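Structure assessment
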Amino acid sequence: MKTKIAQILTACSLSVALMGSVALVAMISLPDVAFANNGSNGGGNGGGNGGNGGGNSNKSESAKSNNGKAATEEGTVTKTKQTKAKVKDLASELGVSASELGALNAAHASPNALMNAAPNSRVGRIAAFRDAVLEGLELEAQLEEKTALLETLTEPDRPISEIEADVTAAEAEVKTKEEAVAELEKALEDAGGADATIEADLDAARTALSDAEGVASELNEELDDAIEYETVSAEVDELTQKVEDQPEVERSLLEAASNKPVTDAVEAAVKKLLGL
């Protein structure tokens, strides 16, 4: 009986000892677990806050990006509006749009490009049009000059052919008078240089020669004036015809350079672009 009781007490003592050890181990271990749990919360909070910070940072960068994009888009819109305004102003100034000009927009080329362009190129054909317009302006200047000159001249009263016939006859008369004077001068010389009759005849012959020369001179002046008038008049007529034909010449050259119908407005616009 005592043996059994002793065994029971021993077993109880071992159990109590074991329980105490377990309790001690639990007391030592549980704080670590608790602290570990608190650490996890800290890590979670830190991570969360960090995450929130990162989120805020991303939002800030996104806002900056959006602002930059908005500014770029606004700048693009502004430039587009300015470009459209310039195009509108140019169209308003020219009286036609760029689409109406078509290939003739090449008239924007620099003077150097126009000068060096191949004749059959688009710019070269526009250059040919420009040269024709300049020639037309020169023709108009010549016409104005010749017309002003013609107004200072006297129109002949008779045909040039009739005047020429009179000149021929007058010059023949002068030659006859010269021969008469020469004969009398020789007769006077043969008479020893003194003969009243020969001297009187010689004076009359010289007067007749002078009169004949005067008539011939007046006829030659009349002929010269008539020829000048007819020459200038013919030049005025020729220039007038060229000036009248010039618009058709210019239009045909412009049409050769264009890929669209050429109207008066289009032609005027191209001339403005060319500084004409």
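No experiment lies behind these values; they were computed from the predicted model shown.

**So, the overall build of the protein**
- Along its length, the protein carries 7 helices and 0 strands.
- What you see in the protein, going N to C, is helices and strands ordered as α-α-α-α-α-α-α.
- Residues classed as buried in the protein amount to 20% of the 276 residues present.
- Summed over its atoms, the accessible surface of the protein is roughly 18500 Å², and 56% of this surface lies on carbon and sulfur atoms.

**Things to note about the packing of helix α6 (residues 196-257) against helix α7 (residues 264-273)**
- Orientation of α6 relative to α7, taken along the N-to-C sense of each, is 85 degrees, at an axis distance of 11 Å. Considered as vectors, α6 and α7 are oriented roughly perpendicular to each other. Between α6 and α7, the residues in contact are E250, R251 and L254 and D264, E267, V270 and K271, respectively.
- Counted by class, the contact of α6 with α7 contains 2 nonpolar, no polar and 5 charged residues.

**Structural notes on the packing of helix α4 (residues 122-152) against α6**
- Two numbers describe how α4 lies on α6: the axes approach to 9 Å, and their chain directions differ by 160 degrees. Judged by the angle between their axes, α4 and α6 are roughly antiparallel. The way α4 lies across α6 gives a crossing that is left-handed.
- Taken together, the residues of the contact of α4 with α6 break down into 18 nonpolar, 6 polar and 7 charged.

**Thoughts on α6**
- Under the 1.5 Å per step criterion, the end-to-end length of α6 is 89 Å for 62 residues, consistent within 8% with the ideal 92 Å.
- When the local axis directions of α6 are compared, the greatest deviation, roughly 40 degrees, occurs at D245, which is followed within four positions by the proline P247.
- At the N-terminal end of α6, a side-chain oxygen is found 3.0 Å from the backbone nitrogen of T197, two or three residues along, and the residue is D195.

**Quick word on the nonpolar core**
- Residues L101, L104, I126, V266, V270 and L274 are the most contacted members of the largest nonpolar core, which totals 17 residues.
- The set of elements that each furnish at least two residues to this core consists of α4, α6 and α7.
- Among residues more than four places away in sequence, those in contact with V270 are L101, L104, A107, F129 and L254.

**A few points about a nonpolar patch on the surface**
- Residues L134, L137 and L276 make up a contiguous nonpolar surface patch of about 240 Å² in total accessible area.
- Along the chain, L134 falls in helix α4.

**Things to note about helix α5 (residues 160-190)**
- The end-to-end C-alpha separation of α5 is 45 Å, in line with the 45 Å expected for 31 residues at 1.5 Å each.
- For α5, the secondary structure elements touched by its buried residues are α6.
- Following α5 by one or two positions, G192 has its phi on the positive side, about 90 degrees.

**Some thoughts on the side chain of R130**
- Summarising the element assignment, R130 is placed in helix α4.
- Given a relative accessible area of 17%, R130 falls into the buried group.
- Every residue in contact with R130, bar those within four places of it in the chain, is listed here: P111, L114, L274 and L276.

**Thoughts on the environment of E238**
- Turning to its location among the elements, E238 is positioned in helix α6.
- Residue classification places E238 among the partly exposed positions, given a relative accessible area of 47%.
- Taking the C-alpha atoms as reference, E238 lies 9.0 Å from L143; in sequence the two are 95 residues apart.

**Digging into the pattern of salt bridges**
- Per the counting criterion, the structure on display carries 13 salt bridges.
- A salt bridge links R206 to E185; the nearest nitrogen and oxygen atoms lie 2.8 Å apart. Of the two residues, R206 sits in helix α6 while E185 sits in helix α5, which places them 21 residues apart along the sequence.
- Judged by relative accessible area, E185 falls into the partly exposed class, the value being 36%.
- The partner of E250 in a salt bridge is K271, and the shortest N-O contact between them spans 3.5 Å. Here K271 lies in helix α7 and E250 lies in helix α6, a separation of 21 residues in the sequence.
- In this structure, a network of salt bridges that share partners links the residues E250, R251, D264, E267 and K271.

Conventions and cut-offs
Residues numbered from 1 in each chain as written. Predicted model: local features only at pLDDT ≥ 70, side-chain atom pairs only at ≥ 80, totals over all residues. Heavy atoms only, no water. Helix = DSSP H or I, 4+ residues; strand = E, 2+ residues; numbered from the N terminus. Buried < 20%, exposed > 50% of the residue type's maximum accessible area, 1.4 Å probe, protein only. Areas by Shrake-Rupley, 256 points an atom, 1.4 Å probe, with all protein chains shown as cover. Axes fitted to C-alpha atoms, helices over the stretch in contact; angles between N-to-C directions. Parallel < 35°, antiparallel > 145°, perpendicular 65-115°, else oblique. Contact = heavy atoms within 4.5 Å. Nonpolar A, V, L, I, M, F, W, Y, C, P; charged D, E, K, R; others polar. Left-handed = near helix turned anticlockwise from the far one by under 90°. Expected span 1.5 Å × (residues − 1). Bend = angle between axes of the 7 residues up to and from the residue. Polar contact = N/O pair within 3.5 Å; in protein donor to acceptor, adjacent residues only side chain to side chain. Core = buried A, V, L, I, M, F, W, Y, C linked by side-chain atoms within 4.5 Å. Patch = residues over 30% accessible without salt bridge, like charges linked within 9 Å, V, L, I, M, F, W, Y side chains within 5 Å. Salt bridge = Lys/Arg side-chain N within 4 Å of Asp/Glu carboxyl O.

Don't take any of this as a statement about function, it's just geometry.
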